[in-house]
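# Fold and geometry: a report
Below are the chains, spelled out letter by letter.
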Amino acid sequence: EQLANQIAAGEVVERPASVVKELVENAVDAGSTTVDISIEEGGLSLIRVIDNGFGIEASDIVTAFQRHATSKISTSSDLFRIASLGFRGEALPSIAAVSRLQCISSETTTGLARRIVIEGGNVTADEPANAPQGTDMTVRDLFYNTPARLKYMKAIQTELGHISDYINRIALAHPGIAFTFKHNGNVLLRTLGTGDRLQVIAAVYGSNTAKVMLPVEAENADYELRGFISKPELTRANRGGITVIVNGRYIRSHAVNQALLQAFHTLLPINRFPLAVLELGMHPSLLDVNVHPSKMEVRFSMEPELRSLIEDAVKRVLGRQRH
Ligand code: ADP
Ligand code: MG
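Heads up: these notes are all about the structure in this document. (Residues numbered from 1 in each chain as written. Chains lettered and ligands numbered in written order. Predicted model: local features only at pLDDT ≥ 70, side-chain atom pairs only at ≥ 80, totals over all residues.)

## Here we look at the overall build of the protein
- Across its full length, the protein carries 10 helices and 15 strands.
- Counting all 323 residues of the protein, 41% fall into the buried class.
- A fraction of 67% describes how many contacts in the protein between residues 6 or more apart in sequence connect residues 24 or more apart. (Helix = DSSP H or I, 4+ residues; strand = E, 2+ residues; numbered from the N terminus. Buried ≥ 20, exposed ≤ 12 C-beta atoms within 10 Å, placed from the backbone. Contact = placed C-beta atoms within 7 Å.)

In C-alpha cells, the structure reads:
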C-alpha cells in the first residue's frame, strides 16, 4: 500500500507546483471565498493552503488520505475530471506519501474540527481540534523520503516560477475568490474576490496593463466567449500571456490559442503575442476529456465553429481599435 502510494505519487506529484495545484483545486472545489497560499523555499520546505470552504467531515478525514477512497468525480462528462483526470482521489494520499503533511479541517454542518498528521504515508496523529471553518493543509519537506525525486528539483526560483504561474492563472479563472500568495513571507499576489476579472488582471500583470485590455464577447448556439485581450500597443514576445478558462476551469487548449493567434496575426506581426484571458462556457458534452491529464489539455467536439467564433470576435475587437 505504501509502495503503491509512492508510485502513484511519482505521477501526481512531479514538483512543488503539482502539490499547490492539487491543494488549491480542492480549496476551490470546496466553495471557498478566500484561499491563502504560503510557501517557503520554492515549496520544497513548506506549502500551506488555508481555505474557508465547507471542510472535510471529521469522520471522512482519514479516508480522504486513502487511495481511490473518495472522488468528487462521478461522470465522464464532469468537467472536474479534466483538471484532475487520472488523479481521481489520488492527490492527497500521493502528497502525504512523499511529505510531512498536516490537515486541520472544520466541516460546516457539524462544526467539528479534526487534525491529522501523516509522515511519509504513516498517520502519526489523528485527534479532535479547534479550528475556524475550512481546511488548513500544511505540506512540509516535500520529497524528503524520495531523494531521487528531490534531486530533480530545479533552483528555488524555477520552482517558485511554476507555482506563481499556476496561482496567477487560477486567480484569473476565479475572480470571485480572494487569493493571497506568499513566498518566504513576501506577498506576491493578492486578489480581492469581488468577481471583477480586470481587478485580477491588474493584480497579476499590473494596473497599467489592465488599463489597455479590450473586452471580447461573442456567442453562438453552443459556445459563449468572454474575456479580455490586450490592445495592439501592448504585445509580448511569447504566448505565455494567454490564459484560457473553460467552464470555470483553467485549462490549456491548442485550438483556442490557434484561433486567437490566427486573428491576432492577421493584424499584427507574427513575432508578437497578445496578453489575453479568454473564458469559454459550454455544455460539458462538447468537451473531449480523452487527453493528457497533467497538461490540462482539452479538445472540443465542434472545433471549427468554436475557432471561427473566437477568430471573428478577436478580429472585430482589434479591427475596431485600428479605425
Ligand atoms: P479528488 O479531489 O479527486 O476528489 P483529492 O485526493 O484531491 O481527490 O481529495 C480527496 C477528498 O478530500 C476530496 O474529494 C474532498 O472530499 C476532500 N477534500 C480535500 N481537500 C479539501 C478541502 N480543502 N476542502 C474540503 N474537502 C476537501
Ligand atoms: Mg483534488
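We are not done yet, so read on.
## A word on the sheet that holds strand β13 (residues 276-281)
- Spatial ordering of the open sheet is given by β9-β10-β13-β11-β12, a layout of five strands whose pairing is mixed. Strands at the two margins of the open sheet, each flanked by one partner only, are β9 (213-219) and β12 (249-251). Within the sheet, the average angular offset between the axes of one strand and its neighbour, ignoring direction, is 20°.
- Here six bridges tie strand β10 (residues 224-230) to β13, and the two strands are oriented antiparallel to one another. Among the inter-strand pairings, F228 is bridged to a residue of β13, identified as V277.
- Packed on one face of the sheet, helix α6 (residues 156-173) meets β11 (242-246), β12 and β13 and runs near 135° to β12.
- On the sheet, helix α7 (residues 197-205) packs against β9, β10 and β13 and is oriented at approximately 35° with respect to β10. (Pairing = 2+ DSSP bridges. Axes fitted to C-alpha atoms, helices over the stretch in contact; angles between N-to-C directions.)

## Considerations on the pairing of strand β2 (residues 46-51)
- In this structure, strand β1 (residues 34-40) lies alongside β2, joined through six bridges in antiparallel fashion. When the sheet's bridge partners are listed, E40 is paired in β2 with L46.
- In sequence, β1 turns back onto β2 through a hairpin of five residues, with E41 there showing a positive phi of about 50°.
- Note: β2 against strand β6 (residues 134-140), six bridges, orientation antiparallel.

## What about the packing of helix α2 (residues 16-29) against α6?
- Between α2 and α6, whose axes approach to 8 Å, the crossing angle comes to 25°. By the angle between their directions, the pair α2 and α6 is classed as roughly parallel. For the pair α2 and α6, the sense of crossing is right-handed. Here α2 contributes P16, A17, V20, K21 and V24 to the contact with α6, which in turn contributes E159, H162, I163, Y166, I167 and I170.
- Residues of the contact of α2 with α6, tallied by class, amount to eight nonpolar, one polar and two charged. (Parallel < 35°, antiparallel > 145°, perpendicular 65-115°, else oblique. Left-handed = near helix turned anticlockwise from the far one by under 90°. Nonpolar A, V, L, I, M, F, W, Y, C, P; charged D, E, K, R; others polar.)

## Description of the pairing of strand β3 (residues 100-106)
- Taken across its seven residues, β3 has five buried, putting it largely inside the fold.
- Once β3 ends, the chain turns through six residues before running back antiparallel as strand β4 (residues 113-119), passing G111 with a positive phi of about 70°.
- Judged from the seven bridges that link them, β3 and β6 form a sheet pairing that is antiparallel. When the bridges of β6 are listed, S105 appears paired with T135.

## Some words on helix α9 (residues 254-267)
- Between its first and last C-alpha atoms α9 spans 20 Å; for 14 residues at 1.5 Å apiece the expected length is 20 Å, and the two agree.
- Taken together, the buried positions of α9 are occupied by V256, A259, L260, L261, A263 and F264. (Expected span 1.5 Å × (residues − 1).)

## Let's talk about the sheet that holds β2
- Here we have eight strands laid out as an open sheet, ordered β5-β4-β3-β6-β2-β1-β7-β8, and mixed in their pairing. Taken across any chain shown, the strands that pair with only one partner, and hence form the sheet edges, are β5 (122-129) and β8 (186-190). Each strand of the sheet is rotated relative to its neighbour by a mean of 10°, with strand direction disregarded.

## Some points on the environment of A171
- By secondary structure assignment, the location of A171 is in helix α6.
- Note: C-alpha distance between A171 and E279 (108 residues apart in sequence) is 13 Å.
- What A171 contacts, discounting residues up to four positions off in sequence, is F179, L189, T191, V200 and V204.

## A word on α2
- An ideal rise of 1.5 Å per residue puts 20 Å on 14 residues; α2 measures up with 20 Å between its terminal C-alpha atoms.
- The buried count for α2 comes to 13 of 14 residues, which makes it a mostly enclosed element.

## Topic: the environment of L286
- On the secondary structure map, L286 appears in the loop between β13 and β14 (287-288).
- C-beta crowding within 10 Å serves as the criterion here: with 19 such atoms nearby, L286 is assigned to the partly exposed category.
- Sequence separation between L286 and N52 is 234 residues; the distance between their C-alpha atoms is 32 Å.
- Leaving out residues up to four positions away in the same chain, L286 has contacts with D222, F300, S301 and M302.

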